[in-house]
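Survey of secondary and tertiary structure
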Amino acid sequence: MRNIKLLWGLVGCLGATVLVLGILLVKDGAAGSDEGVPGDPAAGDRVVAKVGSKEFKLSILEQQLLQKYGLELLNQLLDREVLRLEAEEQKIKISREELDAELTRMSQGYDSEEHFYDSMKSQLGMSKEDIREDVYYKLILEKIATAAVTVSNQEINQYIKEHPEEFAVSSQLRIQKIVSQTEDQAKRTLELARSGKDFGLLAKERSLDTSTSSDGGDLGWLEDNDPFIPQELLKAARKMKVGDISGPIKTAEGYTVIRLKDKKDVSKGTPEEINANVHRILALQKAPPLADITQTLRVKYKAEIEDSELAL
């Protein structure tokens, strides 16, 4: 679940590097046409790093950032500006409640919204403000795209009828695991865990799964049918009570001992919330592709890249 959620953050975001580049672009814009001699501290070209006697100047950093990320950032800035203009023309607004609701939906599968933000920060370099801004423009784009789309109650009811699995109450499991190479090693792990040894500490000491061992073997909250988790583990965990320890379980990774840390039932929302979500799904299916909408708005508002090097 956590891996699936992290994929969202890659869409339309350039992370911390974009923020640095944005600062550099603003600085260049403020400088206007003032000329400076490269390497002159008075012109702002200071040393930012060294390797032995070799110095790296700010101008080199600016040049590399512009070459690698300038076009992407500039396109993002243009897209957001044409969306802002169109939303203003159509009197489209995103309320704080709408934005908060979308962020809550997107953070499902994490311990909390704050854990979601922390993960985005550590994995992608995105701050809470970056995420909120990205989601804000995503919602603006969706509203523009679906402004002329109609969805009937009959279509909504039919969709819910045909996709009951999407709206049923689901179970989520919080599993810790310790992976061993041999069955004997796993049996020893199971013996230590059941004798009272802290499971998280055992995971750090004994688990071969380096991606989870530092977190005490914690896999985070998982859907009980998560396709990315060995089904043998999920099948065993579904039968366990919170605090139970089970294994060894043979998987492609080796021999695994698991502990059910927690579990909960998750509702997909009230009938009104479900209807609103389905309305959104169907409206987006009927709407033109979002990329086409943005391109049309660029033409409408005459958004052009003037710099020949960045326009390449």
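Preceding block: the structure.
Keep in mind the model is a prediction, meaning the values are calculated, not measured.

Some remarks on the overall build of the chain
Check the secondary structure of the chain and you find 13 helices and six strands. Residues counted as buried form 37% of the 312 residues belonging to the chain. Sequence separation of 24 or more characterises 71% of the internal contacts of the chain that already satisfy a separation of 6 or more.

Some points on the nonpolar core
Ranked by size, the top nonpolar core spans 33 residues in total, and within it Leu83, Ile131, Val135, Ile140, Ile144 and Val278 carry the most contacts. Elements with a minimum of two residues in this core: α3 (58-90), α4 (96-106), α5 (113-124), α6 (128-145), α7 (153-162), α12 (271-286) and α13 (290-300). With eight residues, the single largest contributor to this core is α6. Residues Ile175, Ile229, Ala236 and Leu260 belong to the second largest nonpolar core, which totals 13 residues.

Details of the pairing of strand β1 (residues 47-51)
Relative to strand β2 (residues 54-57), β1 runs antiparallel, the two sharing four bridges. Bridge pairing links Val51 to Lys54 in β2.

Points about the packing of α4 against α6
Between α4 and α6, whose axes approach to 10 Å, the crossing angle comes to 110°. Here α6 runs roughly perpendicular to α4, going by the angle between their axes. From α4, Arg96, Glu98, Leu99, Asp100, Glu102, Leu103 and Met106 reach across to α6, where they touch Ile131, Arg132, Val135, Tyr136, Lys138, Leu139 and Lys143. Partitioned by chemical class, the residues of the contact of α4 with α6 number seven nonpolar, no polar and seven charged.

Thoughts on the sheet that holds strand β4 (residues 218-223)
Spatially, β4-β3-β6-β5 is the arrangement adopted by the four strands of the open sheet, whose pairing is antiparallel. Of all strands in the sheet, those with a lone pairing partner are β4 and β5 (245-251), marking the two edges. Ignoring strand direction, the axes of neighbouring strands in this sheet form an average angle of 35°. Alignment of strand β3 (residues 170-180) against strand β6 (residues 254-266), held across eleven bridges, turns out to be antiparallel. Of the residues in β6, the one forming a bridge with Ile178 is Val257. Of the strands in this sheet, β3, β5 and β6 touch helix α8 (residues 183-194), which is tilted by about 165° from β5.

Regarding the pattern of salt bridges
Evaluation of the coordinates by the stated rule reveals 21 salt bridges. One salt bridge in this structure joins Asp100 and Arg132, with 3.1 Å as the shortest N-O distance. You can see Asp100 sitting in helix α4 and its partner Arg132 sitting in helix α6, a full 32 residues away along the chain. The partner of Asp209 in a salt bridge is Lys177, and the shortest N-O contact between them spans 3.1 Å. Pair noted here: Asp209 is in the loop between α9 (199-206) and α10 (210-213) and Lys177 is in strand β3, with a separation of 32 residues, a long-range link. In this pair, the class of Asp209 matches that of Lys177, namely buried. A single salt-bridge network, built from bridges that share partners, covers Glu102, Arg105, Lys138, Glu142 and Arg280.

Quick look at the packing of aromatic side chains
Scanning the model with the defined rule gives three aromatic pairs in all. An angle of 70° between the planes, with centres 6.3 Å apart, marks the rings of Tyr159 and Phe167 as edge-to-face. The class of Tyr159 is buried, set by a relative accessible area of 12%. A residue is classified by how much of its surface remains accessible, and Phe167, at 13% relative accessible area, is buried. Lying over the aromatic face of Tyr255, Lys250 brings its terminal NZ or CZ to 5.4 Å of the ring centre.

What to know about unusual backbone geometry
In the segment running from Gly247 into Pro248, the intervening peptide bond is cis, with an omega of -10°. Inspection of the secondary structure puts Pro248 in strand β5. If you check the backbone angles, Lys91 has positive phi at about 60° while not being a glycine. Tracing the sequence through the fold places Lys91 in the loop between α3 and α4. Take Lys91: its relative accessible area is 72%, and that puts it in the exposed class. In this structure, Lys302 is a non-glycine residue whose phi angle is positive, near 55°. When you line up the elements, Lys302 lands in the segment after α13.

Looking at α13
Taken together, the buried positions of α13 are Ile293, Thr294, Leu297 and Arg298. Down the axis of α13, the buried side of the element spans an arc of 140°, and every buried residue falls inside it. Along α13, exposed side chains directed more than 90 degrees from the buried face belong to Ala291, Thr296 and Val299. Remark: Lys302 follows α13 within two positions and exhibits a positive phi of approximately 55°.

The rules behind each value
- Residues numbered from 1 in each chain as written.
- Predicted model: local features only at pLDDT ≥ 70, side-chain atom pairs only at ≥ 80, totals over all residues.
- Heavy atoms only, no water.
- Helix = DSSP H or I, 4+ residues; strand = E, 2+ residues; numbered from the N terminus.
- Buried < 20%, exposed > 50% of the residue type's maximum accessible area, 1.4 Å probe, protein only.
- Contact = heavy atoms within 4.5 Å.
- Core = buried A, V, L, I, M, F, W, Y, C linked by side-chain atoms within 4.5 Å.
- Pairing = 2+ DSSP bridges.
- Axes fitted to C-alpha atoms, helices over the stretch in contact; angles between N-to-C directions.
- Parallel < 35°, antiparallel > 145°, perpendicular 65-115°, else oblique.
- Nonpolar A, V, L, I, M, F, W, Y, C, P; charged D, E, K, R; others polar.
- Salt bridge = Lys/Arg side-chain N within 4 Å of Asp/Glu carboxyl O.
- Phe/Tyr/Trp six-rings, centres within 6.5 Å; stacked < 30°, edge-to-face > 60°.
- Lys NZ or Arg CZ within 6 Å of the ring centre and 35° of its normal.
- Arc of directions from axis to C-beta.

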